[in-house]
Protein chains: 2
Amino acid sequence: MRQTKNPFSLSGSTEPDRIGEIYRAAAQIICEKGYDATSMNDIAEAVGITKAGLYHHISGKKDLLFRIMNFGMDSLEEQVIQPARAIEDAQQRLQTIITNHVHLITSRSTPQGNNPVTIVVDEVAGLAPAHRRKIDQRKRAYVDLIRETLDRLKAEGKLREVDVTAAAFSLLGMILWLSRWYSPGGRLTPEQVSEEVTKIALGGLLRPQGRPPGR
Amino acid sequence: MRQTKNPFSLSGSTEPDRIGEIYRAAAQIICEKGYDATSMNDIAEAVGITKAGLYHHISGKKDLLFRIMNFGMDSLEEQVIQPARAIEDAQQRLQTIITNHVHLITSRSTPQGNNPVTIVVDEVAGLAPAHRRKIDQRKRAYVDLIRETLDRLKAEGKLREVDVTAAAFSLLGMILWLSRWYSPGGRLTPEQVSEEVTKIALGGLLRPQGRPPGR
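Residues numbered from 1 in each chain as written. Chains lettered and ligands numbered in written order. Predicted model: local features only at pLDDT ≥ 70, side-chain atom pairs only at ≥ 80, totals over all residues. Heavy atoms only, no water.

Draft legend 1. Up close: the overall build of chain A. Counting secondary structure elements, chain A contains nine helices and zero strands. Helices and strands appear in chain A in the N-to-C order α-α-α-α-α-α-α-α-α. Residue burial in chain A is summarised as follows: out of 215 residues, 53% are buried. Long-range contacts, defined as pairs at least 24 residues apart, comprise 68% of the intrachain contacts of chain A with a sequence gap of at least 6. About 10000 Å² of surface is accessible on chain A, with carbon and sulfur atoms providing 49% of the total. (Helix = DSSP H or I, 4+ residues; strand = E, 2+ residues; numbered from the N terminus. Buried < 20%, exposed > 50% of the residue type's maximum accessible area, 1.4 Å probe, protein only. Contact = heavy atoms within 4.5 Å. Areas by Shrake-Rupley, 256 points an atom, 1.4 Å probe, with all protein chains shown as cover.)

Draft legend 2. Region of interest: the interface of chain A and chain B. Of the residues lining the interface, 40 residues belong to chain A; the matching set on chain B comes to 40 residues. Counting the surface chain A buries against chain B, the share from its top three residues, Trp-177, Trp-181 and Ile-200 of chain A, is 20%. Where chain A touches chain B, the interface holds two salt bridges. In this structure, the salt-bridge partner of Asp-163 of chain B is Arg-187 of chain A, at a minimum N-O distance of 2.8 Å. Linking chain A with chain B are eight residue pairs in polar contact (both at pLDDT 80 or more), by the criterion used here. Every element with two or more residues in the side of chain A that touches chain B is listed here: helix H1 (16–33), helix H8 (164–181) and helix H9 (190–205) of chain A. It is H8 of chain A that provides the largest number of residues to the side of chain A that touches chain B, a total of twelve residues. Here the side of chain A that touches chain B is composed, by residue class, of 18 nonpolar, seven polar and 15 charged. (Buried area = accessible area lost by both parts, 1.4 Å probe. Salt bridge = Lys/Arg side-chain N within 4 Å of Asp/Glu carboxyl O. Polar contact = N/O pair within 3.5 Å; in protein donor to acceptor, adjacent residues only side chain to side chain. Nonpolar A, V, L, I, M, F, W, Y, C, P; charged D, E, K, R; others polar.)

Draft legend 3. Quick peek at the relation of the copies chain A and chain B. Relative to chain B, chain A is turned by 180 degrees and slid 0.0 Å along the rotation axis, the superposed coordinates differing by an RMSD of 0.0 Å. Those values place the two copies in the arrangement expected of a two-fold rotation axis. Across chain A, the smallest distance between a C-alpha and the rotation axis is recorded for Gly-204 of chain A, namely 1.8 Å. Residue by residue, 100% of the interface of chain A is reproduced at the interface of chain B, so both copies engage with the same surface. (Least-squares fit on C-alpha atoms with pLDDT ≥ 70 in both.)

Draft legend 4. The arrangement of the packing of helix H5 (residues 90–106) of chain A against helix H7 (residues 129–155) of chain A in detail. Residues and elements named next belong to chain A. Taken N-terminus to C-terminus, the directions of H5 and H7 make an angle of 145 degrees; their axes are 8 Å apart at the nearest point. The element H5 and its partner H7 pack so that their crossing is left-handed. Residue-level contacts link Ala-90, Gln-91, Arg-93, Leu-94, Ile-97 and His-101 of H5 to Tyr-142, Leu-145, Ile-146, Glu-148, Thr-149, Leu-150, Arg-152 and Leu-153 of H7. A class-by-class count of the residues in the contact of H5 with H7 yields eight nonpolar, three polar and three charged. (Axes fitted to C-alpha atoms, helices over the stretch in contact; angles between N-to-C directions. Left-handed = near helix turned anticlockwise from the far one by under 90°.)

Draft legend 5. Up close: the nonpolar core. Counting residues in each nonpolar core, the largest one holds 139 residues, and the members touching the most others are Leu-150 of chain A together with Leu-150 of chain B. Counting residues per element, this core draws most heavily on H8 of chain A, which supplies 13 residues. Beyond its immediate sequence surroundings of up to four residues, Leu-150 of chain B is in contact with Leu-94, Leu-159, Val-164, Ala-167, Ala-168 and Leu-205 of chain B. (Core = buried A, V, L, I, M, F, W, Y, C linked by side-chain atoms within 4.5 Å.)

Structure, rendered in structure tokens:
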């Protein structure tokens, strides 16, 4: 493990896509069977690797859970947080956060209608305390980015008269819940669902255009 | 079990409040330790009952999980669904759904900042298939009530140009996420958080007042 660059990747592997597939497959089984009922054997079978091969890289279920969560947070970092930080304008940044995060969830939804990695990221109760603190810290950094963006919109007079913390978590709830209901086989395409959620979220957070701040 | 009126209550008990306490305490341990790591012993200890006493009423962890979920859905039925159904006006009904559901979650939040029963209701992966179908069915009935209310608002020209399904789940996400972030020891009182979430949700779903339906 010491020689690998990324402490969360399967050591020695040169196939990052394959690693992602393993984490996604494991997350899907955990969501289907429950973390309790899922064995390392089930996971090895689903990803087409021997149980011994899986244990060579991962010390156990708790370790795998932590890796899946970091994998999910890495995707969030690359596809949502970094692009958003690069945008100066607060309203455009908020829009990018919503659109990119919705895309991240819907693009990885399974035909069963949920995004297993996003769901597993919430299963922090199964983690060792030190690992739980790390995941909580990464989540907090994202909430802080959203709050900071909303604070700026408030300063610019563009935000409704709402509490910034309540607004940040309401937005997050709206987006994250997608992982539990959106089905790619359903009526709405990922683009449509992104448009709908963006419309509802911005409608709820931003002052109706043309209204003076007093209203 | 056949003689009890409510098939989900602890048979023979005449203390419904005590039963609620048991389910709430069990849900809290499951959220803290994870379902996997929680033993029937932990639960018996937390609720001040012997392990044998607990097994006298509940056949095991899976059974307890199902009971906690039904307990959560019973509360939703009594405090949100029934009062909402009694309201004829669609906008007032929507407002009642939001306010009462937010209240249900915030009034039972623990100092750790989450509502264990609401969270456990989502752990359907741990259930036996027949039980999972029953819980899914109860949840679907609630989603249908929200959709029906939004459909009426659409017919009245009061809803934004949004897809009703996306709107229903966005609203649910906003409300249910409260169970994961709201802390009763924090800055916002339950009344304030209810007001904030209602403002954001109605702002996102309803057409700004005075705007013609064309916009």
